[in-house]
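# Overview (structure and organization)
Each chain, letter by letter, is given below.
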Amino acid sequence: MDKHNPINSEPGILNLNHAQVFVYMLLAVVTILFLFLTNAYVFRMNFEDWQPLPVPSLLWVNTCSLVVASIGMGWATRGAKKNNQTNLKIGLLIGGFFALFFLTGQFWAWQQLIAYGYLLADNPANTFFYLITAMHGLHISGGVVAWIVITKKSWKTDSVESHSAQVSLLATYWHYLLLIWVMMFGLFLST
Amino acid sequence: MEQNAAYEGQQVYHPKGWWGHYVFSQDHKIIALQYTCVALAIGLTGMFLSMMMRMQLGFPGLFDSIDAGSYYQDVTMHGMIMVIYLLTALFLGGFGNYLIPLMLGSRDMAFPFVNMLSFWVYFLSVIILSASFFVPSGPTGAGWTLYPPQSILEGTPGGDGAGILLMLISLAVFIIAFTMGGLNYITTVLQSRARGMKMMRMPLIIWCIFLATFLGLLAFPALFVGAIMLTFDRVLETSFFMPEIFKGGEVLDYGGGSPVLFQHLFWFFGHPEVYIIALPAFGIISELISCHARKNIFGYNMMVWALVAIAGISFIVWAHHMYVAGMNPYLGFFFATTTLIIAVPTAIKVYNWVLTLWHANIKMTVPMLYCLAFLITFLIGGLTGLFLGNVSVDVPLSDTYFVVGHFHMVMAVSPVLALYGGLYHWFPSVTGRMLDDRLGKIHFWITFVGTYLIYFPMHYIGFLGVPRRYYSNQQYDFIPDSVADLNQFITICALIVGASQFILLYNFVNSAIRGKKASKNPWGACTLEWQTLESPPGHGNWGDQLPVVYRWPYDYGLPGATADFVPQNVPDEQIT
Amino acid sequence: MAFVIITTIIVLGTVLFNFFTPWWFTPLASNWGSLDQTIIITLWVTGVAFVLVSGFILYCVVKFRHREDRKSKYEPENPKLELWLTVVTTIGVVVMLAPGLIAWQDYIDLPEDALEVEGVGQQWTWSYRFPGDDGIYGNTNGRLISSKNTFGIDPLDAYGQDDILVRDNKVHLPINKPVVFQLRSKDVLHDFYIPQFRAKMDLVPGSQTNLWFIPTELGTYEVACAEFCGTGHWAMRGEITVDEMADFEAWLSQHPTFVETMNEGSEGRGRQIVQSLGCVACHSDTGASGIGPTWRGSFGSQRTLVNGETMNIDEAYIKKSIVNPSIQIAAGFASIMPAYNLSEDELDAIVEYMKNLSIE
């Protein structure tokens, strides 16, 4: 008996479980947040004092890092579903460490920009860059906190299949934040 | 560590110790009480601030300490506290938390731990906001709308001090709390309904709270983004919203920003926000009017579709707050049309409530009195909205007392009347005792008639052109002395109404301790929260067996039954 | 029963109030009567709706009072009735919206052949500029604003030389001629609102907004700022006088052009500065106390501060009151004056002006 849909309850929406509804709705909220940031960016872009920021090439490396993290999480999900503990562990480690790598790289990119004199308050393009990357970074950090909790829980157990739902959701969150990053990166590159 | 009993598949937290039981409780009923108490407490503060404002308007010069600076601080904090920290928190955090699991036949919210966190983060946001009263510059006096550039500059109280910052940080923290709570409500409504509780058998108040939560989750991010950007402008001297400014004899270090951008962000949030407050009020009325008139709600399906329409359209009306803000004038056509369109589903809801009274069997209980008063005052508030929504009519009326009268009627008077009705109605479920009826009626009459006398005349000085947010009218010839007399009258009414709220407070506390003991279902309601094994419901709500639902929540006056109501969990075979 | 009686009184009172209210529109003094008419239409439609629905509620409360031996009629829905109600409501909405949108089309359609005036708002006073004989405004730049060049007009722009500047909060307009206001703000949001003209529009710093109307009645009218702009928002009162054309032109000719203001000597400079910075919103030169203490007769006198200290009003006192007012608040007044970062020249000019106001 699936504990999230016991025989005494009305079936939920679209056969999703509680955690899935929670996370998907959360992702909707995150989408709106970045939509508004983009909106404000595009609005402000049209004013005279806008000077586009050169995009540090380090960001390409960071993007690749996040892609690898997503692949890792996908691997972990498959491993959990097939009860393969090794794959789960490797996948989780790749997912977590490359996310941290991404965060470090983002921070390093900030340092590069500051060293080149692109300070936050000088120009709205600069401010938006720092603000949007900070927001995204904060959401990745939140994900890392969830990653720590889930990794700890599924490390010790022999039967990892019971954790597959959680790992799968975490992976979804990873993929989604990668998608958000790609869109923001695209925004920076194209303007 | 907590023990999680898989009570028929639903996680229920068993609290350990006093802290786990009463402070960091994960039981939705306790959390609801916590939200209610904090919201009412901060709401009392908001009411006190409004009394200060009224003293200045009614009896200028009586209190030396109310100068222009402190007046605007009172105005701002009163507005923000009432809208966000009282009404939003109380309707969703208070009523939502209490009713959703009970009315759906669930043991608790889907994520009790996150629910607990959401209260404590809300509490933190209240603390941060309150802290702004104690900093040197005092709280912000920028108007609850916090428009830049003035809100972060000297010349507005708190603009160049910590006042505005604490406000913005508090809002950001509130939004985080709301998001946590809101995700919980959505998940619970979609996933945790008892068997037989299809979506179209949910009580209307659940639909209302569900849709209001949805609105909030999608609208609050706009405020969040605006608040962060305004904080940047203030602290880091960026120019999201700050154009070139010449002030205090010099050109400031800002440039290129757009004040109108803030307004778009603010009102994209701000308009859905008023529906976040109105929708739960609508829900309370639907439940109360049906139960106390002993008649099924009229047109349940249309009520649901009207709610969905209102929720959807509410996202595309925001710029009716900006008709004269200097945005592209052609936008006025679009927003006036959408705004007047949203009047139609709202009117349908009013008709359906009223038609519920037709051929009913109306008991004039205190909750019913509040329902009827809601209808009258919501009519006034809603109809005056039609003036303001019509773009050209808004030109002479915008930023006058017509607006103040309108939004108080439709956001303060009618939802608060609904709220009070809800408190009287559900008090027996929460405490097992009845609120005193006589005190209830006294409180009702003073509040209903008093608030009507306060806000109705304001529309007419709005027609005259008396602007809002004015510390004093004395300098203006076009404002006759009779307006000062009216202000005096309104202030006296306000003081009386304000004082009478303590009747409710007394009734609350006194009845909770030694009120008349209530039977399990004193009002004879069909909805599930009254069908628990014991009332007040125990931890886990339903004992060993979750309820099963066989019918919609409005089988009052069902033909063929001897009783005048049939609860949702009674199957056809068991109807007497 | 009490409910029915009291609520009936409320409903009747609400309706009657519309006919007996002491507070109604100010007498119309512009062409925007169409807005008044749309309000009246809306009042009738909403009034009828209010009476019908309230009346129905009260009827139900009387007729369907609870009786133990009765049950309510079980009527979950009536789609035909709902549809009918929806249609009627939609018609009501259209009846109100249509005239409103037509009036709006008019409101935003700036007339071609109109008198142009620039209205400039700042905390907490108004000033105005006419484009002069060449009919073209000179370019302005925020960075050029100073107490001498309060409009920030570019001195190198030929078109700006003949712009006529009205620096003192009172403007005149000719009767029966359409006028287009180009509105801009030097600092924060303001709103230019004249109740008798039924017109208002926000002033947005960093951009320009427009407003038009035709004054149709002679007289003097007040401008009330209608967008919160700080602690002096309620004191930002302006005046518009509507004249016959000849009187208007006479009034206009008394005001200096931009070139003339740039060549003004230092005499009267102090007065010019306090006018251009909006100090006059709170301080008077007449002896009347306002939001702030009056200047007349102040120089050389004693003043008690909120902390009990008594000080002599000398040059140092005046200068400190301007650059750091919050440490020197006079007793009986609020600490709401913002600081002004003026140059030594400007401060000297103001001190000179203060001295003149204290010479008997």
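The preceding data block contains the structure.
On to the overall build of chain B, then. Across its full length, chain B holds 15 helices and four strands. In terms of C-alpha radius of gyration, chain B reaches 24 Å, essentially the compact-globule figure of 25 Å for 576 residues. Each of the three principal axes of chain B carries a C-alpha extent, and together these read 80 × 55 × 50 Å. In chain B, which comprises 576 residues, the share counted as buried stands at 74%. In chain B, of all internal contacts separated by at least 6 residues, the share reaching a separation of at least 24 is 77%.

All right, on to the interface of chain A and chain B then. With 34 residues of chain A in contact, the opposing surface of chain B contributes 46 residues. Roughly 3500 Å² is buried in total at the junction of chain A and chain B, and carbon and sulfur atoms are behind 73% of that figure. Taken together, the connections running from chain A to chain B amount to zero salt bridges. Sorting the residues of the side of chain A that touches chain B by element identifies α1 (18–45) and α4 (124–156) of chain A as the ones contributing at least two each. The leading source of residues in the side of chain A that touches chain B is α1(A), at 15 residues. Here the side of chain A that touches chain B is composed, by residue class, of 24 nonpolar, six polar and four charged.

So, on to the sheet that holds strand β10 (residues 237–243) of chain C. Residue and element names in this part refer to chain C. Strand order in the open sheet formed by three strands is β4-β10-β9, with mixed pairing between adjacent strands. Since the sheet does not close on itself, it has two edges, and those belong to β4 (170–174) and β9 (219–224), each with one partner. For this sheet, the mean inter-axis angle between neighbouring strands, taken without regard to orientation, is 25°. For β4 and β10, the ladder comprises five bridges, and the chain directions are parallel.

What follows concerns the packing of aromatic side chains. One pass over the full model with this rule turns up 100 aromatic pairs over all chains. Both rings, one in W24(C) and one in F25(C), keep their centres 4.5 Å apart while their planes meet at 25°; by these two values the pair is stacked. Just above the ring of F47(A) sits the side chain of R44(A); from NZ or CZ to the centre is 5.5 Å. The ring of W155(A) carries the charged tip of K89(A) above its face, separated from the ring centre by 4.8 Å.

Next up on the list: the side chain of K186(C). All names here are of chain C. Position of K186 among the secondary structure elements: in the loop between β5 (179–185) and β6 (190–194). Summary of buried charges: K186 has no salt-bridge partner, and the nearest side chain of opposite charge, D187, is 7.7 Å away. Side chain to side chain, K186 and Q122 meet in a polar contact 2.8 Å long.

Let us now look at the interface of chain B and chain C. Each partner contributes to the interface: chain B provides 125 residues, whereas chain C provides 105 residues. Of the roughly 9800 Å² buried where chain B meets chain C, counting both sides, 69% is carbon and sulfur surface. Looking at the side of chain B facing chain C, the largest losses of area belong to F246(B), N361(B) and Y460(B), adding up to 7% of the total buried there. Taken together, chain B and chain C are joined by three salt bridges. Among the elements that line the side of chain B that touches chain C, the one with the most residues is helix α9 (residues 331–356) of chain B, at 14 residues. Residue composition of the side of chain B that touches chain C, by class: 82 nonpolar, 29 polar and 14 charged.

All names here are of chain C. Taken in spatial order, the five strands line up as β3-β2-β1-β5-β8 in an open sheet, and their pairing is mixed. Edge positions in the open sheet fall to β3 (164–166) and β8 (209–213), since each of these has one partner strand only. On average, adjacent strands in this sheet sit at an angle of 25° to one another, irrespective of strand direction. When strand β1 (residues 115–122) meets strand β2 (residues 125–130), the two strands line up antiparallel, connected through five bridges. Bridge assignment links G121 to a residue of β2, and that residue is W126. Running at roughly 100° to β2, helix α4 (residues 245–253) makes contact with β1, β2 and β3 of the sheet.

Quick notes on the rules
- Residues numbered from 1 in each chain as written.
- Chains lettered and ligands numbered in written order.
- Predicted model: local features only at pLDDT ≥ 70, side-chain atom pairs only at ≥ 80, totals over all residues.
- Heavy atoms only, no water.
- Helix = DSSP H or I, 4+ residues; strand = E, 2+ residues; numbered from the N terminus.
- Rg over C-alpha atoms; globule rule 2.2 N^0.38 Å.
- Buried < 20%, exposed > 50% of the residue type's maximum accessible area, 1.4 Å probe, protein only.
- Contact = heavy atoms within 4.5 Å.
- Buried area = accessible area lost by both parts, 1.4 Å probe.
- Salt bridge = Lys/Arg side-chain N within 4 Å of Asp/Glu carboxyl O.
- Nonpolar A, V, L, I, M, F, W, Y, C, P; charged D, E, K, R; others polar.
- Pairing = 2+ DSSP bridges.
- Axes fitted to C-alpha atoms, helices over the stretch in contact; angles between N-to-C directions.
- Phe/Tyr/Trp six-rings, centres within 6.5 Å; stacked < 30°, edge-to-face > 60°.
- Lys NZ or Arg CZ within 6 Å of the ring centre and 35° of its normal.
- Lys, Arg positive; Asp, Glu negative; His and termini not counted.
- Polar contact = N/O pair within 3.5 Å; in protein donor to acceptor, adjacent residues only side chain to side chain.

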